[in-house]
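Below are the chains, spelled out letter by letter.
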Amino acid sequence: MTRTTRALAIVTDYGVEQDELLVPVRHLRESGIQTDIAAVSRDGIRTLIGDKDPGETVQPTHTLAEANADDYDLLVVPGGTINADTLRLEKEAVNLVRAFAGSGRPIAAICHGPWLLAEAGVADGKTLTSYPSLRTDLGNAGATWTDRPLVEDDSGGWRLVTSRTPDDLDAFLRGIDAALETAQH
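Attention in this report is confined to the structure presented alongside it.

Take the overall build of the protein chain next. Check the secondary structure of the protein chain and you find six helices and 12 strands. Along the first, second and third principal axes, the C-alpha atoms of the protein chain reach 45 × 35 × 30 Å. When each of the 185 residues of the protein chain is scored for burial, the buried share is 54%. Long-range contacts, defined here as pairs at least 24 residues apart, represent 64% of the contacts in the protein chain between residues at least 6 apart.

Okay, here's the thing in structure tokens:
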């Protein structure tokens, strides 16, 4: 019996960019992939649109502390300036990123999400993209930053999929699909 493919999106309880969370989660679920959302607490996740306007409130399926990296095939790290800046201070989120990279499973991060990769120490040697304001931070973490809608990097024994902004979501979803396809073979 084959195990169902599973994905995990990790966020804080406030400030995640609505479409950077909901578009990938809905896409994965519509593709038949069991997709969970882990947040700091079980309270509703208050999303934002453009880092300022209220978005949908989303119910997490787990807390970050409850999420077990071994149960998932893909990690999704959405952006939102407030979310990403706060998420990188959460020990459980940092540990999840390290567990995925260390085990060779793919990570997909968009917009400000790659801040968490720098915090976890896994950006070193990777070529990636992000929201442009992270360029210096990611360079200081040892990454090579490039300004493209989608960057896929398989170096270091694990695949990293990155995109810049919500405008790049179509490319980001293609990158996620390709990462899962590669991981299943």
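Once that is clear, we can look at the sheet that holds strand β8 (residues 107-110). Spatially, the seven strands line up as an open sheet ordered β6-β3-β1-β7-β8-β12-β11, and their pairing is mixed. Edge strands, defined here as strands with exactly one partner in the open sheet, are β6 (62-63) and β11 (151-153). Where strand β1 (residues 6-10) and strand β7 (residues 74-77) come together, three bridges link them in parallel fashion. By the bridge assignment, Leu8 is partnered in β7 with Leu75. Contacts between helix α6 (residues 169-183) and the sheet are confined to β7, β8, β11 and β12 (160-163), with β12 contributing the most and set at about 175° to the helix.

Compared with the 18 Å implied by 1.5 Å per residue over 13 residues, the 18 Å span of helix α1 (residues 18-30) between its first and last C-alpha is a close match. Within the span of α1, buried status applies to Gln18, Glu20, Leu21, Leu22, Pro24, Val25, His27 and Leu28. Note on α1: the residue one or two positions beyond its end, Gly32, has a positive phi of about 85°.

Before going further, it helps to spend a moment on the pairing of β7. Here β7 shows a buried face lined by Leu74 and Val76 and a second buried face lined by Leu75 and Val77. Relative to β8, β7 runs parallel, the two being bridged by three bridges. Bridging across to β8, Val77 finds its partner in Ala109.

Quick look at unusual backbone geometry now. Unusually for a residue other than glycine, Asp51 sits at a positive phi of about 65°. In this structure, Asp51 sits in the loop between β4 (45-49) and β5 (53-58). The class of Asp51 is partly exposed, set by a relative accessible area of 30%. Notably, Cys111 is not glycine yet its phi reads approximately 65°, a positive angle.

Where strand β2 (residues 14-17) lies against β4, two bridges are found, and the strand directions are parallel. Of the residues in β4, the one forming a bridge with Tyr14 is Arg46. Pairing of β4 with β5 involves four bridges; the strand directions are antiparallel. Residue pairing in the sheet places Ile45 in a bridge with Val58 of β5. Here β4 folds back onto β5, and the loop between the two strands holds three residues, one of which, Gly50, carries a positive phi near 65°.

Contact geometry for α1 and α6: axes closest at 11 Å, N-to-C directions at 45°. Taken together, the axis directions place α1 and α6 in an arrangement best described as oblique. α6 is crossed by α1, and the crossing has right-handed handedness. Touching Asp19, Glu20, Val23, Pro24, His27 and Leu28 of α1 are Leu169, Phe172, Leu173, Ile176, Asp177 and Leu180, all from α6. When the residues that make up the contact of α1 with α6 are grouped by side-chain class, the tally is eight nonpolar, one polar and three charged.

Rules used throughout
Throughout, residues of each chain are indexed from 1 in the direction in which the sequence is written. Given that this is a predicted model, residues contribute local features only at a pLDDT of at least 70 and side-chain atom pairs are listed and counted only at 80 or more, while totals for whole chains, interfaces and linings are drawn from all residues. Computation of side-chain values: all heavy atoms of the structure, hydrogens and water removed. For the purposes of this entry, the term helix denotes a DSSP run of H or I that reaches at least four residues, the term strand denotes a run of E that reaches at least two, and both are numbered from the N terminus. Three exposure classes are used, based on accessible area relative to the maximum for each residue type with a 1.4 Å probe and protein chains only: buried under 20%, partly exposed in between, and exposed over 50%. Here, residues are in contact when the closest pair of their heavy atoms is within 4.5 Å. When DSSP finds two or more bridges between a pair of strands, those strands are recorded as paired. Lines fitted to C-alpha atoms define the axes here, with helix axes fitted over just the stretch in contact, and angles between the N-to-C directions of these axes take values from 0 to 180 degrees. An expected span of 1.5 Å times one less than the residue number is assigned to each helix. With respect to orientation, any angle under 35 degrees is reported as roughly parallel, any angle over 145 as roughly antiparallel, any angle of 65 to 115 as roughly perpendicular, and every other angle as oblique. Should the near helix be turned anticlockwise from the far one by less than a right angle, the crossing is left-handed, and should it be turned clockwise, the crossing is right-handed. For this scheme, ten residues count as nonpolar: Ala, Val, Leu, Ile, Met, Phe, Trp, Tyr, Cys and Pro. Four count as charged, namely Asp, Glu, Lys and Arg, and the remainder, Gly too, count as polar.

Shape descriptors only; they carry no functional weight alone.
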